[in-house]
Amino acid sequence: METIFTKIINQEIPSYKIAENDSFYAFLDINPNAKGHTLVIPKKPIDKLFDLDEETYADLFSYARKIAQAIEKVVPCNRVGLSVIGLEVPHAHVHLIPLNSMNDANFAAPKEKMTSEEFITLANKIAEAVEN
Ligand code: 5GP
């Protein structure tokens, strides 16, 4: 099923893109738990993460690790956490969240407010830190 994430992948709606390859797309979450909160998605429009085929599932985590390492270089944090929710957008994705406190992993907590300029600057910095 096509969702808003398919439109983001196809550039039909804008996103603060960090990186992409043939199979995956990484971009800043528009409503972040913490600055640097990133979504990594497969380009295939499969709803549930654990329904992905074995290869896409494994490669998604490998790609997410590369993005997490870039986030950790750029965003001051204790570590980057990974969460899987999927209650809002039915297109498989993992959340990478820079963690400084348990609250940063709390999706019900108030979100971080960022300006468009902040999103652009941060996405560009993380993008530059991604190892090829
Ligand atoms: P989940 O499906 O894992 O419960 O949550 C979906 C996540 O996608 C949320 O954190 C939400 O802020 C984010 N999100 C929803 N729509 C958009 C969008 O159009 N652009 C971006 N960058 N993030 C979105």
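Every chain is numbered on its own, with residues counted from 1 as its sequence reads. Owing to the predicted nature of the model, reporting of local features is limited to residues with pLDDT of at least 70; listing and counting of side-chain atom pairs is limited to 80 or more, with chain, interface and lining totals taken over all residues. Note that the side-chain values use all heavy atoms of the structure and ignore hydrogens as well as water.

### Focus on helix α3 (residues 116-129)
Runs of H or I in DSSP of at least four residues are treated as helices and runs of E of at least two as strands, each being numbered from the N terminus. Expected helix span is given by 1.5 Å per residue-to-residue step, counting one fewer step than there are residues. Over its 14 residues, α3 extends 20 Å from the first C-alpha to the last, a length consistent with the 20 Å expected when each residue adds 1.5 Å. Buried within α3 we find Phe-119, Leu-122, Ala-123, Ile-126 and Ala-129. Considered in projection along α3, the buried side chains sweep an arc of 125 degrees and stay on one side of the axis. Exposed residues pointing more than 90 degrees away from the buried face of α3 are listed as Glu-117 and Glu-128. Contact definition: two residues touch when any of their heavy atoms are within 4.5 Å. Where α3 is buried, its residues meet β1 (17-20), β2 (24-28) and α2 (54-74). Three exposure classes are used, based on accessible area relative to the maximum for each residue type with a 1.4 Å probe and protein chains only: buried under 20%, partly exposed in between, and exposed over 50%. Within this analysis, the arc is defined by the directions that extend from the helix axis to the C-beta atoms.

### Comments concerning the site of the ligand
Around the ligand sit 16 residues, and of these Asp-29, Gly-86, Val-89, His-93 and His-95 come closest. Counted as a polar contact is a pair of N or O atoms within 3.5 Å, where, for protein atoms, one must be capable of donating a hydrogen and the other of accepting one, and residues adjacent in sequence contribute only when both atoms are in side chains. At 3.3 Å from a nitrogen atom of the ligand is found a main-chain nitrogen or oxygen belonging to Ile-30. One nitrogen or oxygen atom from the main chain of Leu-87 is found 3.1 Å from an oxygen atom belonging to the ligand. Only the protein chains shown count as cover for residues, and all accessible areas are computed by the Shrake-Rupley method using a 1.4 Å probe. For the ligand, the accessible surface in isolation is 530 Å², of which the surrounding protein chains cover 89%. Of all the secondary-structure elements, those providing two or more residues to the shell around the ligand are α1 (4-9) and β2. Here the shell around the ligand takes three residues from α1, the largest share from any one element. Whether a residue is near a molecule or strand depends on its heavy atoms: it is near if one of them lies within 4 Å of it.

### Observations regarding the packing of aromatic side chains
Each aromatic pair joins two rings of Phe, Tyr and Trp (for Trp, the six-membered one) with centres within 6.5 Å, and gets the label stacked for planes under 30 degrees apart, edge-to-face for over 60, and tilted for any other angle. Inspection of every chain in the model, using the stated rule, returns six aromatic pairs. Their ring planes at 5 degrees and their centres at 4.7 Å tell us that Tyr-16 and Phe-119 sit as a pair that is stacked. On the criterion of sequence distance, the pair formed by Tyr-16 in the loop between α1 and β1 and Phe-119 in helix α3 is long-range, its members being 103 residues apart. There is no split in this pair, since Tyr-16 and Phe-119 are both buried.

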